[in-house]
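So you can see what is in the structure, the chains are spelled out below.
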Number of protein chains: 2
Amino acid sequence: MKREKIKILFDKKETIDEALVLGWVRTNRAQAQFGFLTVNDGSTILNLQVVYDEKLKNFEEISKFRAGMSIRVVGKIILTPNAKQPLEMHATEVEMLGDSALDYPIQPKRHSLEFLRENAHLRGRTNTFNAVFRIRSVAAMAIHTYFQQNGYLYVHTPLITCADCEGSNQMFKVTTFDLNNIPKTEDGLVDYSKDLFGKNAFITGSGQLHGETFAMAFSDIYTFGPTFRTENSNTKIHANEFWMIEPEMAFCDLEGLMDIEEEMLKFVVKYVLDNANAEIDFCDQFIEHGLKEKLNKVLNSNFVRITHKEAIDILLAAKQKWEFKPSYLDDIAKEHEKYLLDHFNGPVFVKDWPKDIKAWYMKDNDDGKTVAAVDLLVPGSGELMGGSQREENLDVLLKKMEIHHIDKDTVDWYLDTRRYGGCIHSGFGLGFERLIMYLTGVDNIRDTIPFPRTPKNCDF
Amino acid sequence: MKREKIKILFDKKETIDEALVLGWVRTNRAQAQFGFLTVNDGSTILNLQVVYDEKLKNFEEISKFRAGMSIRVVGKIILTPNAKQPLEMHATEVEMLGDSALDYPIQPKRHSLEFLRENAHLRGRTNTFNAVFRIRSVAAMAIHTYFQQNGYLYVHTPLITCADCEGSNQMFKVTTFDLNNIPKTEDGLVDYSKDLFGKNAFITGSGQLHGETFAMAFSDIYTFGPTFRTENSNTKIHANEFWMIEPEMAFCDLEGLMDIEEEMLKFVVKYVLDNANAEIDFCDQFIEHGLKEKLNKVLNSNFVRITHKEAIDILLAAKQKWEFKPSYLDDIAKEHEKYLLDHFNGPVFVKDWPKDIKAWYMKDNDDGKTVAAVDLLVPGSGELMGGSQREENLDVLLKKMEIHHIDKDTVDWYLDTRRYGGCIHSGFGLGFERLIMYLTGVDNIRDTIPFPRTPKNCDF
């Protein structure tokens, strides 16, 4: 007999005379002559209610089944339109496959998120993480689907890199050396020539530069992979290892970039609502009240586009006391983001940022003061994506690199994109965990990634 | 005017009165009154032939356009059923967007693969790498599509890990320390407590153990991410950074595992043939003659399933001189793989391997001598996937760990999968670059990954 996944049973909503289900016991309510097992197999957040009764030869044994056990159930699927759940199973066979020791940490009660982080290897068995990680998986597929449908090339940019262009103090060092016994040169310094790559190597914080070289061959490309930062900060939105999506588009200016960001976000939201509806319902009910309304509203909104200057104008005109005074020369603080989002009651692109606070590869605007950069702010989460038109003029770029103290020799290959067939091009970065927080309402990045890596925290 | 991608023009094969194309010049054949540009925009391996003539006001200028320049072309798309290519463009406007310096390395001639590796940032602009990286992108989407359609959860297992279970000598060390100034304890040893994670950290060689914990919550999961090995070997099939797919299935035994591997491979091959047909045609013509036939044959074959013992029986009975004598206790060499593939004239699963040469987590068979492991061999490439049923019995597993000198304390969390609701389960690993070699005919792993990392080679 072929196994039926619980998700398929709920999708089909059909009577089945004999079905086989394999999964794990969530609860067991045993009474004198019958009992109810709730069974989850991880295919959906929905549990299957299994009714068993004393006609089963191992009724006594089943009555004692505990949370966490893996079981095999055969029975009839019955539609129950008047009950809380649309269907249930009347069991003809129930068998334990794997026992669950008495000290099973995930009991049928509410556990704190802190406790579940300490049991990250088991937390997928709770409703919350069943929902969050299913949405994460569906959202990843949404992103691939959007870009592939639109002809983008998925590029695996390298994780290990020797191009120290982002400042090595932000990057982890990678080595094959025994740290207790590092080979030294005559000068007493580390002899990197003896390491596997023959030089100082890092794990990357971004695939953008490599991505740009591919955009100059394939027009539209995207990366989707892990990135790393050594930041020693314990906040709800920082992790040392996280996943990023970095699209780069040739022949695309800042306005085109915003079009793509908006279209992509709407596509992903719609895909998740369509393909993880039970999980979104759960998050709406238990994690962020109004989540579903928030997401549906985004689908139907036109994202506002304002300049950084216009944003500051609005903030300065606001009748509000600021912790950080809005400034035409400075970044926008969390409180400012929130005000702008309330003001426009929907997602806002803020573009044309002061050049001094933005990265060296961003395109200088004609005003000499700003760059063609854009941040997308979304209700509930603030900044979700950051992107820019890239400086395609080699001479201007070289000057900017000098100002930002970027060693041009280490990225000479990158500069070739401006020497040979360069063109107007743009790209953005989307932190995948930030997106999952937005899609689920979860407010701590540690609860959006299976095994989070944060300072002093690298268990499992 | 909206840009038309060249792939769409070739897919549609329709006359268009006025189309806008943006791309890069591949060749320019200028004659006295007219000329031909071949233009590629990276959306397909196919080039668009653009015909221009002296009626264009900048005809002289266009005549001098060089390989590598980015250009903007407006013109009429004309069907040319009797020509080599099904359509061409008659230009009404041709404009240079980005110049290409005279020393542009990618000239319209055959370059060696070695030369192109040294220009990895430009090689996507050649036919070969246009085809290979497009197939890579399409194959990645095929894998996601297969698993998501079948209800698998995509899991991002951690890259940074402190669980030293695979032997740290195979793993890169990761640190935030300045290697010239490492904090020491009173004993003069590295003081890992001062590092970001407070302990010795690595980048991972496999997500399997983490994946298994998720399979015990979600039934069917897969990973798809980068993995790392410090192996100091310069061969055509080893890289220090590569991408792996590692599915894990609860309630799945070895036979079920083989069913999934076979179904998945056929799905991926079919998807690539359907979605990258022009690129496969190119590889068939210029990289591996007979590639397309090989791939189509796999679609229609039933994969043979034999035991390791049966394989050795066949090899010993063969009228052939071996460099390595086949042994019931040993691995199967490349020459043996080749013989078996010829013998069966199609893909072969070899299962039930001698336990001493296989990993500690594989399920002991009842014979006491073998484990429920399986390798899939495919014509042209040899071993493509390796998997096993996992030992789900905690006591047996603990004994195996002792024999293999695995420190059980570092993976105690993993052992919980056997303490709480364990079940029969299986998984496999598929090296993504190995798959790309198989799908394209490319015989060096360095030519299947955008920026390869091999010993002494970490440029870009």
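What this report covers is the structure whose coordinates are included nearby. (Residues numbered from 1 in each chain as written. Chains lettered and ligands numbered in written order. Predicted model: local features only at pLDDT ≥ 70, side-chain atom pairs only at ≥ 80, totals over all residues. Heavy atoms only, no water.)

## Some details on helix H5 (residues 208-218) of chain B
What sets the pattern is the α-helix's 3.6 residues per turn: residues three or four places apart point alike.
All names here are of chain B.
Okay, so step 1: Counting buried residues in H5 gives 11 out of 11 residues, a clear majority hidden from the surface.
Okay, so step 2: Along H5, the residues classified as buried are Gln208, Leu209, His210, Gly211, Glu212, Thr213, Phe214, Ala215, Met216, Ala217 and Phe218.
Okay, so step 3: Directly after H5, the chain includes Ser219, whose backbone phi takes a positive value near 70°. (Buried < 20%, exposed > 50% of the residue type's maximum accessible area, 1.4 Å probe, protein only. Helix = DSSP H or I, 4+ residues; strand = E, 2+ residues; numbered from the N terminus.)

## A few points about the relation of the copies chain B and chain A
Okay, so step 1: Overlaying chain B with chain A gives an RMSD of 0.0 Å, the required rotation being 180° about an axis along which the chain moves by 0.0 Å. Taken together, the rotation and translation describe the operation of a two-fold axis. For chain B, the minimum C-alpha distance to the rotation axis belongs to Val174 of chain B and amounts to 2.4 Å.
Okay, so step 2: Interface residue correspondence from chain B to chain A reaches 100%, placing this contact among same-surface, isologous pairings. (Least-squares fit on C-alpha atoms with pLDDT ≥ 70 in both. Contact = heavy atoms within 4.5 Å.)

## Quick look at the sheet that holds strand S7 (residues 160-161) of chain B
Okay, so step 1: Taken in spatial order, the 6 strands make up an open sheet running S7(A)-S9(A)-S8(A)-S8(B)-S9(B)-S7(B), and their pairing is antiparallel. Because the sheet does not close on itself, it has two edges, and the strands there are strand S7 (160-161) of chain A together with S7 of chain B.
Okay, so step 2: As defined by bridge partners, S7 of chain B adjoins strand S9 (residues 201-203) of chain B across 2 bridges and the pair is classed as antiparallel. Its bridge partner being in S9 of chain B, Ile160 of chain B is matched across the sheet by Ile203 of chain B. (Pairing = 2+ DSSP bridges.)

## Digging into the environment of Gln33 of chain B
Okay, so step 1: Among the structural elements, Gln33 of chain B can be located in the loop between strand S1 (16-30) and strand S2 (34-40).
Okay, so step 2: Setting aside chain neighbours within four positions, we find Gln33 of chain B in contact with Asp53, Glu54 and Phe59 of chain B.

## Some remarks on unusual backbone geometry
One can expect most non-glycine residues to show negative phi and most peptide bonds to be in trans.
Okay, so step 1: Phi at Ser219 of chain A takes a positive value of approximately 70°, unusual for a residue other than glycine.
Okay, so step 2: With respect to the helices, strands and loops of the structure, Ser219 of chain A is situated in the loop between helix H5 (208-218) and strand S10 (220-228).
Okay, so step 3: For Ser219 of chain A, a relative accessible area of 0% gives the class buried.
Okay, so step 4: In this structure, Asn345 of chain B is a non-glycine residue whose phi angle is positive, near 55°.

## Looking at the pairing of strand S5 (residues 87-98) of chain B
Residue and element names in this part refer to chain B.
Okay, so step 1: Sheet analysis places strand S3 (residues 48-53) next to S5, joined by 2 bridges and oriented parallel. Paired with Val50 across the bridge in S5 is Met89.
Okay, so step 2: In the sheet, strand S4 (residues 70-79) pairs with S5 via 10 bridges, with the strands oriented antiparallel. Note on S5: the bridge partner recorded for Ile77 is Met89.

## So, the environment of Asp259 of chain B
Residues and elements named next belong to chain B.
Okay, so step 1: Here Asp259 is to be found in helix H6 (residues 254-275).
Okay, so step 2: Asp259 sits in the partly exposed class, given a relative accessible area of 44%.
Okay, so step 3: Note: C-alpha distance between Asp259 and Asp313 (54 residues apart in sequence) is 24 Å.

## Focus on a nonpolar patch on the surface
Okay, so step 1: There is a patch of nonpolar side chains on the surface, built from Leu316, Tyr328 and Leu329 of chain A and spanning about 310 Å² of accessible area.
Okay, so step 2: The topology assignment puts Leu316 of chain A in helix H9 (residues 308-317). (Patch = residues over 30% accessible without salt bridge, like charges linked within 9 Å, V, L, I, M, F, W, Y side chains within 5 Å. Areas by Shrake-Rupley, 256 points an atom, 1.4 Å probe, with all protein chains shown as cover. Salt bridge = Lys/Arg side-chain N within 4 Å of Asp/Glu carboxyl O.)

## Some words on the environment of Arg66 of chain A
Residues and elements named next belong to chain A.
Okay, so step 1: Along the chain, Arg66 turns up in the loop between helix H2 (59-63) and strand S4 (70-79).
Okay, so step 2: In this structure the C-alpha to C-alpha distance between Arg66 and Ser100, which are 34 residues apart in sequence, comes to 7.0 Å.
Okay, so step 3: Filtering out sequence-adjacent residues up to four positions away, Arg66 remains in contact with Val25, Asp99, Ser100, Ala101 and Leu102.

## Considering the nonpolar core
Okay, so step 1: Ranked by internal contacts, the top residues of the largest apolar core, which has 222 residues, are Leu439 of chain A together with Leu439 of chain B.
Okay, so step 2: The contacts of Leu439 of chain B, once residues within four sequence positions are left out, are Ile135, Ala139, Val268, Val269, Val272, Ile280, Leu291 and Leu295 of chain B. (Core = buried A, V, L, I, M, F, W, Y, C linked by side-chain atoms within 4.5 Å.)

## Thoughts on the packing of aromatic side chains
The geometry of an aromatic ring pair comes down to the distance between the two centres and the angle between the two planes.
All names here are of chain A.
Okay, so step 1: Per the counting criterion, the structure on display carries 52 aromatic pairs over all chains.
Okay, so step 2: With centroids separated by 4.7 Å and ring planes inclined at 65°, the aromatic side chains of Phe147 and Tyr152 adopt a geometry described as edge-to-face. When sorted by exposure, Phe147 lands in the same class as Tyr152, which is buried.
Okay, so step 3: Against the face of Trp353 rests Lys358, its NZ or CZ located 4.3 Å from the ring centre. (Phe/Tyr/Trp six-rings, centres within 6.5 Å; stacked < 30°, edge-to-face > 60°. Lys NZ or Arg CZ within 6 Å of the ring centre and 35° of its normal.)

## A few points about the interface of chain B and chain A
Many authors give the size of an interface as the accessible area that is lost as the parts come together.
Okay, so step 1: Each partner contributes residues to the interface: chain B has 113 residues there, and chain A has 113 residues.
Okay, so step 2: Of the roughly 9000 Å² buried between chain B and chain A on both sides combined, carbon and sulfur atoms contribute 62%.
Okay, so step 3: In this structure, Asp459 of chain A engages Lys199 of chain B in a salt bridge whose closest nitrogen and oxygen atoms are separated by 3.0 Å.
Okay, so step 4: For the interface between chain B and chain A, the tally reads 53 residue pairs in polar contact (both at pLDDT 80 or more).
Okay, so step 5: It is helix H4 (residues 127-149) of chain B that contributes the most residues to the side of chain B that touches chain A, 12 residues altogether.
Okay, so step 6: Here the side of chain B that touches chain A is composed, by residue class, of 54 nonpolar, 38 polar and 21 charged.
Okay, so step 7: Two strands pair when backbone bridges link them, and strand S8 (residues 172-175) of chain A and strand S8 (residues 172-175) of chain B are joined in this way by 3 bridges, in the antiparallel orientation. (Buried area = accessible area lost by both parts, 1.4 Å probe. Polar contact = N/O pair within 3.5 Å; in protein donor to acceptor, adjacent residues only side chain to side chain. Nonpolar A, V, L, I, M, F, W, Y, C, P; charged D, E, K, R; others polar.)

## Description of the packing of helix H4 (residues 127-149) of chain A against H4 of chain B
Helix packing for two helices is described by the angle between their axes and how far apart those axes are.
Okay, so step 1: Running from N to C, H4 of chain A and H4 of chain B point in directions that differ by 140°, and their axes come no closer than 11 Å. Our classification of the angle between H4 of chain A and H4 of chain B gives oblique. Crossing handedness for the pair H4 of chain A and H4 of chain B: left-handed. Together, Ser137, Val138, Met141, His144, Thr145 and Gln148 of chain A of H4 of chain A and Ser137, Val138, Met141, His144, Thr145 and Gln148 of chain B of H4 of chain B make up the contact between the two elements.
Okay, so step 2: In terms of residue class, the contact of H4 of chain A with H4 of chain B is made up of 4 nonpolar, 8 polar and no charged. (Axes fitted to C-alpha atoms, helices over the stretch in contact; angles between N-to-C directions. Parallel < 35°, antiparallel > 145°, perpendicular 65-115°, else oblique. Left-handed = near helix turned anticlockwise from the far one by under 90°.)

## Structural notes on the pairing of S8 of chain B
Residues and elements named next belong to chain B.
Okay, so step 1: Every second residue of S8 is oriented toward a common face, with Phe172 and Val174 on one face and Lys173 and Thr175 on the other, all of them buried.
Okay, so step 2: Pairing of S8 with S9 involves 3 bridges; the strand directions are antiparallel. What sits directly across from Phe172, in S9, is Ile203.

## Looking at the pattern of salt bridges
For side chains of opposite charge, pairing can occur when their charged atoms come near one another.
Okay, so step 1: In total, this model carries 70 salt bridges over all chains according to the counting rule given.
Okay, so step 2: Residue Asp364 of chain B is joined to Lys355 of chain B by a salt bridge in which the shortest nitrogen-to-oxygen separation is 3.3 Å.
Okay, so step 3: Lys355 of chain B sits in the partly exposed class, given a relative accessible area of 27%.
Okay, so step 4: Residues joined by salt bridges that share partners form a network here, namely Glu255, Asp259, Glu262, Lys266, Arg305 and Lys351 of chain A.

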